[in-house]
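Chain and residue survey
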Amino acid sequence: MRNWILPEYISDVLPREARQIESMRRGMLDLFACYGYELVLPPLVEYVESLFLHDDPALDLKTFKLVDELTGRQMGLRADITPQVARIDAHILNRQGTTRLCYSGSVVNTRPDGILSTREPRQIGAEIYGCADIAADVEIIELMFESLALAGLKQVRLDIGHIGLFHALADAAGLKDDARDQTFSALQQKDIPTLRAVTAHLAPELAAGLQALPGLYGNSNDVLARAGSLLPAVPGVTEALTALQQLAGALAVRGIGVRFDLAEVRSSDYHTGLVFAAYAQGFANAVARGGRYDRVGEKFGRSRPATGFSLDLRELSRLPFPTAQSAILAPAGDDRALIDAVRALRKSGETVVIDLGVQPAEAHVDRVLRLEQGNWVVRPLV
Amino acid sequence: MITIALSKGRIFEETLPLLAAAGIVPSEAPESSRKLIIGTNRDDVRLIIVRATDVPTYVQYGAADLGVAGKDVLLEHGGAGVYQPLDLEIAKCSLMVAVQQGFDYLGAVQQGARLRVATKYTDCAREHFAGKGVHIDLIKLYGSMELAPLVGLADCIVDLVSTGGTLKANNLVAVEHVRDISSRLIVNQAALKLKHDQLQPIIDTFAATVAARHHS
């Protein structure tokens, strides 16, 4: 019998990691609250139709499904919380103006993102609805940086891109279905040979524009200048470049440097405009990502501009975190003075463990509570 | 530290001149050494020697920053998590469908037909035959594919052909070209962002060397 074995890529979170995850979660939710974000707790399961913002084959494939025995309809375990929060904004809260929402919870994936990933990430994130202005994106990125700093990541590299560039060029070229998908995935992999092959038959300026995207990469404003001259001025391109310029400018004022990656189309399928990802030394994938997903909510009856970010707390739990939790060992007993002393210490924020006669393994005991001349006093452990 | 994943044999041999152009010379030859990590003349560059099919995996998870992998391997791997910016135009060959001499392939692939296909490249084979509207049953093999039609295990094989010598020796003929294969430079996505200043010069040198060969 090996009935204690968990499925692959599913694991328990043990005390050290749990303490770290919970400490980060509380810290981040408190941080979001300072910015005026309201916490929402969407359900773990709901009908599959509302789990996706639109046709999203990648997310569909990642979603565990089951049949609701009450209705016979298909339900899914959420693989991403963002669409749920968008549903809440669009149809449940139904507010006018700007709404700031945040969330934290487990999501489940049918397959892991990679061999180093879990199938049950602990997603935490923040979203702004109802504001199409760059200021909203700036706030979200600032919040993302503060969240990562809170987890202990101070050296973070930010990449920004704009999915609108690809869509503008692809629309102008009339790329549809398979041809559009192939071009998209070639860009995603910066696969220049394939990109050349699939765009060869397009109008020369559009082909040249699409082929130029992977090379438009780097941290200087020169990237945008080159983009301005290399990309054809079809509708959408100038707007996207202006948005990138404004975003980089506003972030520079806040001391956040950016690197442009105009072929960056790797975020979720629902992103429509500015996208960003944070990278840090020691992590093979982005540690946090997000972007704009305007027109989200269309499916739920109300189109709203939206921007937000999310990250996986379990991924960040690989960062160093103090292992020892200092505690006071107190004797067991029914002495009223002892009971009061223990209560007072706990109230003051100390961890007090009662000596049950067996060495406590769960906490790092470095002090003891002792009776000296009729008083209970804390003394260092010798 | 920059780590480059390579496989022994043809890819290693044909990557050496590219590395040399970038000022990187391995301190040992993998054929004579049993070491899996090989140093170079540059303190900040090392090579790791892995199986060809494992190269994308090492790069995807950041165990290596750069790698050289055949397009065949990348197609089967799916290419998730890696950039593949450059066709190195080395280790060239073709992915082909081959049958036993005398087998009526054109007759067997009529629309709606069903074929038994032995291959290591299951994704490519599935895609290729789906495009032709032919149903197939796949048999995944890891080597000596040529044997499969001879012993009645499969109707045809999908395999890499460079000179055609092995096919000929086993009385097989290539009947259909699936796609051209050559090796790609692949790059870990996070590494390209975090080690951009170290990696980009190497990528640029490789690109310039390949382009120069193209012109000469």
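About the cut-offs
- Residues numbered from 1 in each chain as written.
- Chains lettered and ligands numbered in written order.
- Predicted model: local features only at pLDDT ≥ 70, side-chain atom pairs only at ≥ 80, totals over all residues.
- Heavy atoms only, no water.
- Helix = DSSP H or I, 4+ residues; strand = E, 2+ residues; numbered from the N terminus.
- Contact = heavy atoms within 4.5 Å.
- Buried < 20%, exposed > 50% of the residue type's maximum accessible area, 1.4 Å probe, protein only.
- Polar contact = N/O pair within 3.5 Å; in protein donor to acceptor, adjacent residues only side chain to side chain.
- Domains from an automatic or database assignment.
- Buried area = accessible area lost by both parts, 1.4 Å probe.
- Salt bridge = Lys/Arg side-chain N within 4 Å of Asp/Glu carboxyl O.
- Nonpolar A, V, L, I, M, F, W, Y, C, P; charged D, E, K, R; others polar.
- Patch = residues over 30% accessible without salt bridge, like charges linked within 9 Å, V, L, I, M, F, W, Y side chains within 5 Å.
- Areas by Shrake-Rupley, 256 points an atom, 1.4 Å probe, with all protein chains shown as cover.
- Lys, Arg positive; Asp, Glu negative; His and termini not counted.
- Charge placed at Lys NZ, Arg CZ, Asp CG, Glu CD.
- UniProt positions renumbered as here; feature names shortened; annotations may be inferred.
- Pairing = 2+ DSSP bridges.
- Axes fitted to C-alpha atoms, helices over the stretch in contact; angles between N-to-C directions.
- Expected span 1.5 Å × (residues − 1).
- Arc of directions from axis to C-beta.
- Core = buried A, V, L, I, M, F, W, Y, C linked by side-chain atoms within 4.5 Å.

The next subject is the environment of Leu153 of chain A. Residue and element names in this part refer to chain A. Inspection of the secondary structure puts Leu153 in the loop between helix 4 (134–150) and strand 7 (157–162). Sequence separation between Leu153 and Arg226 is 73 residues; the distance between their C-alpha atoms is 32 Å. Excluding its chain neighbours within four sequence positions, the residues that come into contact with Leu153 are Leu148, Ala280, Phe283, Val287, Leu316 and Leu319.

All names here are of chain B. Assignment of secondary structure puts His128 in helix 5 (residues 122–132). Looking at His128, the relative accessible area reads 15%, which means it is buried. At 2.8 Å, the side chain of His128 and the side chain of Glu176 are in polar contact. Excluding anything up to four places from it in sequence, His128 contacts Val97, Glu176, His177 and Val178.

Let's shift gears to the domain arrangement of chain B. Residues and elements named next belong to chain B. On domain assignment, one finds that chain B holds domain 1 (2–91 + 182–215) and domain 2 (93–180). Taking only C-alpha atoms, the centre of domain 1 and the centre of domain 2 are 30 Å apart. Taken together, the 7 residues of domain 1 in the interface contact 10 residues of domain 2. Taking both partners together, domain 1 and domain 2 bury about 710 Å²; carbon and sulfur atoms supply 50% of that area. Looking at the side of domain 1 facing domain 2, the largest losses of area belong to Asp72, Leu75 and Glu76, adding up to 65% of the total buried there. Inspection of the region where domain 1 meets domain 2 yields 0 salt bridges. Of the residues assigned to the side of domain 1 that touches domain 2, the class counts are 2 nonpolar, 1 polar and 4 charged.

A grouping of Leu147, Leu150, Val151 and Leu153 of chain B is seen on the molecular surface, where their side chains present a nonpolar patch of about 330 Å² in accessible area. By secondary structure assignment, the location of Leu147 of chain B is in helix 6 (residues 147–150).

Together, Asp177, Asp178, Asp181 and Asp269 of chain A together with Glu127 of chain B line one region of the surface with negative charge. No other element matches helix 6 (residues 177–188) of chain A, which puts 3 residues into the negative patch. In this fold, Glu127 of chain B is placed in helix 5.

This brings us to the UniProt feature "binding site: L-histidine" (unreviewed entry) in chain A. Residue and element names in this part refer to chain A. On the UniProt side, "binding site: L-histidine" (unreviewed entry) is annotated at positions that read Asp80, Ile81, Thr82, Gln123, Glu127 and Arg266 here. You can see Ile81 is positioned in the loop between strand 4 (74–77) and helix 3 (82–93). Classification of Ile81 as buried rests on a relative accessible area of 0%. Setting aside residues no more than four positions away along its own chain, Ile81 makes contact with Pro42, Tyr103, Ser104, Gly105, Val107 and Gln123.

Moving on, we get to the sheet that holds strand 14 (residues 352–355) of chain A. Residue and element names in this part refer to chain A. Reading across from one edge, 14-13-15-16 is the order of the 4 strands in this open sheet, with mixed pairing throughout. Lying at the two open borders of the sheet, with one neighbouring strand each, are strand 14 and strand 16 (375–380). The average angle at which neighbouring strand axes cross in this sheet is 35°, direction not considered. As paired elements, strand 13 (residues 326–331) and strand 14 share 4 bridges and run parallel to each other. Bridged to Leu329 within strand 14 is Val353.

With domains assigned, chain A is organised as domain 1 (1–154 + 281–322) and domain 2 (327–380). Just the C-alpha atoms count here: the centres of domain 1 of chain A and domain 2 of chain A sit 41 Å apart.

Turning our attention to the environment of Met75 of chain A. All names here are of chain A. Relative to the helices and strands, Met75 is located in strand 4. Separated by 97 residues in sequence, Met75 and Ala172 place their C-alpha atoms 38 Å apart. Discounting residues that sit within four places of it in the chain, Met75 has contacts with Val45, Glu46, Tyr47, Val48, Phe64, Lys65, Leu66 and Asp68.

All names here are of chain A. In this model, helix 12 (residues 336–347) (12 residues) spans 16 Å end to end at C-alpha, consistent with the 16 Å of a helix rising 1.5 Å per residue. Within helix 12 the residues assigned to the buried category are Leu338, Ala341, Val342 and Leu345. The buried residues of helix 12 occupy an angular sector of 95° when projected down its axis, which confines them to one face. Across from the buried face of helix 12, at angles greater than 90 degrees, the exposed residues are Arg336, Arg343 and Lys347. In the core, the buried residues of helix 12 are packed alongside strand 13, strand 14, strand 15 (364–372) and strand 16. Regarding helix 12, its N-cap is Asp335, as a side-chain oxygen of that residue lies 3.0 Å from the backbone nitrogen of Ala337 further along. Of the residues trailing helix 12, Gly349 is marked for its positive phi of about 105°.

By size, the foremost hydrophobic cluster in this structure holds 74 residues, and its most contacted members are Phe32, Leu148, Leu158, Leu213, Leu262 and Leu316 of chain A. Residues in contact with Phe32 of chain A, not counting those within four places in the same chain, are Tyr37, Cys102, Ile124, Gly125, Ala126, Leu143, Ser147 and Phe309 of chain A. The next biggest cluster of nonpolar side chains, apart from the first, holds 29 residues, and it includes Ile4, Leu47, Val187 and Phe206 of chain B.

Before going further, it helps to spend a moment on the pattern of salt bridges. If you walk through the whole model with that rule in mind, you get 34 salt bridges over all chains. The salt bridge partner of Glu22 of chain A is Arg26 of chain A, with a shortest N-O separation of 3.2 Å. Of the two residues, Glu22 of chain A and Arg26 of chain A both sit in helix 1 (residues 15–34), 4 residues apart, roughly one turn of that helix. The class for Glu22 of chain A is partly exposed, based on a relative accessible area of 26%. Accessibility expressed as a relative area gives 53% for Arg26 of chain A, which makes it exposed. Between Lys193 of chain B and Asp159 of chain A there is a salt bridge whose closest N-O contact spans 2.5 Å. Of this pair, Lys193 of chain B sits in helix 8 (residues 189–194) while Asp159 of chain A sits in strand 7, each in a different chain. Take Lys193 of chain B: its relative accessible area is 0%, and that puts it in the buried class.

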